[in-house]
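Okay, here's what each chain looks like letter by letter:
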Amino acid sequence: MAEHSTFEEELNRKGHIVYTNHGVSMLPLLRQGRDVMIIEKKGPNRCGKYDVVLFKRPNGQYILHRILKVREQDYYIVGDNCRKGEYVREEQILGILTGIVRKQKRINVTDRTYRLYVHLWCDLFPIRSLLILLRELLQGFC
């Protein structure tokens, strides 16, 4: 990425972003400082359930989280390592994750192993959410 360009500028200029992950909200899929994300510029079509999207919050913060529910006017989006999500409008979405590079190997979002992870991880969201809450409560006592 150019030194001081925004994600929007890079997506408009090149059509994609190759960027190292920062943050822990998408664990275990993306590991901070180790995994590289490949994000393609969002096209005219609506995104789908389970897509991982780059969006911009009204405060200017860029976030990469997963769509768990597609609604008529917006999307319900949650990080894989989060209990709570947020509603995001179509115009906030800048790009869609198409692949990950881990240990110099590319993993496409169409790969069978990735799709299996997505369904297991997302379809068990209520259980996962409770486990994350339990972890947060236990960490609060340490």
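Residues numbered from 1 in each chain as written. Predicted model: local features only at pLDDT ≥ 70, side-chain atom pairs only at ≥ 80, totals over all residues. Heavy atoms only, no water.

As for a nonpolar patch on the surface
As a reminder, the rule being used: Nonpolar side chains (Val, Leu, Ile, Met, Phe, Trp, Tyr) are joined into patches within 5 Å and like charges within 9 Å, using only residues with over 30% relative accessible area and no salt bridge. All accessible-area figures derive from a Shrake-Rupley calculation using a 1.4 Å probe, and residue coverage is judged against the displayed protein chains alone. Here, a salt bridge means any Lys or Arg side-chain nitrogen found within 4 Å of an Asp or Glu carboxyl oxygen. Segments assigned H or I by DSSP are reported as helices when at least four residues long, segments assigned E as strands when at least two residues long, and all are numbered from the N terminus.
On the surface, L116, L120, L124, I127, L131, L134 and L138 cluster together into a nonpolar patch covering about 680 Å² of accessible area. For the nonpolar patch, the secondary-structure elements that each account for two or more residues are α2 (112-123) and α3 (125-141). Here the element with the most residues in the nonpolar patch is α3; it accounts for four residues. Residue position: L116 is located in helix α2.

So, the packing of aromatic side chains
So the rule is basically this: Aromatic rings from Phe, Tyr and Trp, taking only the six-membered ring of Trp, are treated as a pair when their centres fall within 6.5 Å; an angle between ring planes under 30 degrees marks them as stacked, one over 60 as edge-to-face, and anything in between as tilted. Each residue's exposure class comes from its accessible area (1.4 Å probe, protein chains only) as a fraction of the maximum for that residue type: buried when under 20%, exposed when over 50%, partly exposed otherwise.
Tallying each qualifying case throughout the model produces five aromatic pairs. Where F7 meets Y62, the ring centres are 4.6 Å apart and the plane angle is 90°; that geometry is what we call edge-to-face. In this pair, F7 sits in helix α1 (residues 7-14) while Y62 sits in strand β4 (residues 62-70), placing the two residues 55 residues apart along the sequence. Taking the relative accessible area as the measure of exposure, Y62 reaches 25% and is therefore partly exposed. Geometrically, the ring pair formed by Y114 and Y117 is tilted, given 6.4 Å between the ring centres and 45° between the ring planes. Remark: Y117 and Y114 occur in helix α2; sequence separation between them is three residues, near one turn of the helix. What makes Y114 buried here is its relative accessible area of 6%. Clustering of aromatic rings is evident, with ring pairs tying together F7, Y19 and Y62.

Observations regarding the nonpolar core
Inclusion rule: The criterion is simple. A nonpolar core is a set of buried Ala, Val, Leu, Ile, Met, Phe, Trp, Tyr and Cys residues joined through side-chain atoms within 4.5 Å. Here a residue-residue contact requires only that any non-hydrogen atoms of the pair lie within 4.5 Å.
Core analysis: the biggest nonpolar cluster contains 25 residues, and L29, L54, L97 and Y114 have the highest contact counts within it. Breaking this core down by element, the ones donating at least two residues are α1, β2 (36-41), β3 (52-56), β4, β5 (74-78), β7 (93-102) and α2. Tallying contributions element by element places α2 first for this core, with four residues. Those residues in contact with L29 that sit more than four places away from it in its chain are D35, V52, R66, D80, L97, I100, R102, Y114 and Y117. Formed by nine residues, the second largest nonpolar core is a distinct cluster that contains C47, I67, Y75 and I77.

As for the pattern of salt bridges
A full pass over the atoms with the stated rule returns 12 salt bridges. Residue R57 is joined to E86 by a salt bridge in which the shortest nitrogen-to-oxygen separation is 2.6 Å. Of this pair, R57 sits in the loop between β3 and β4 while E86 sits in strand β6 (residues 86-89), placing them 29 residues apart in sequence. Residue R89 is joined to E91 by a salt bridge in which the shortest nitrogen-to-oxygen separation is 2.7 Å. According to the relative accessible area criterion, R89 is partly exposed, its value standing at 40%.

Remarks on the pairing of β3
To keep it simple, the criterion reads: Paired strands are those between which DSSP finds at least two bridges.
For β3, the buried fraction is high: four of the five residues fall into the buried class. The pairing of β3 with β7 spans three bridges and is antiparallel. Residue pairing for β7: F55 is matched across the bridge by I93.

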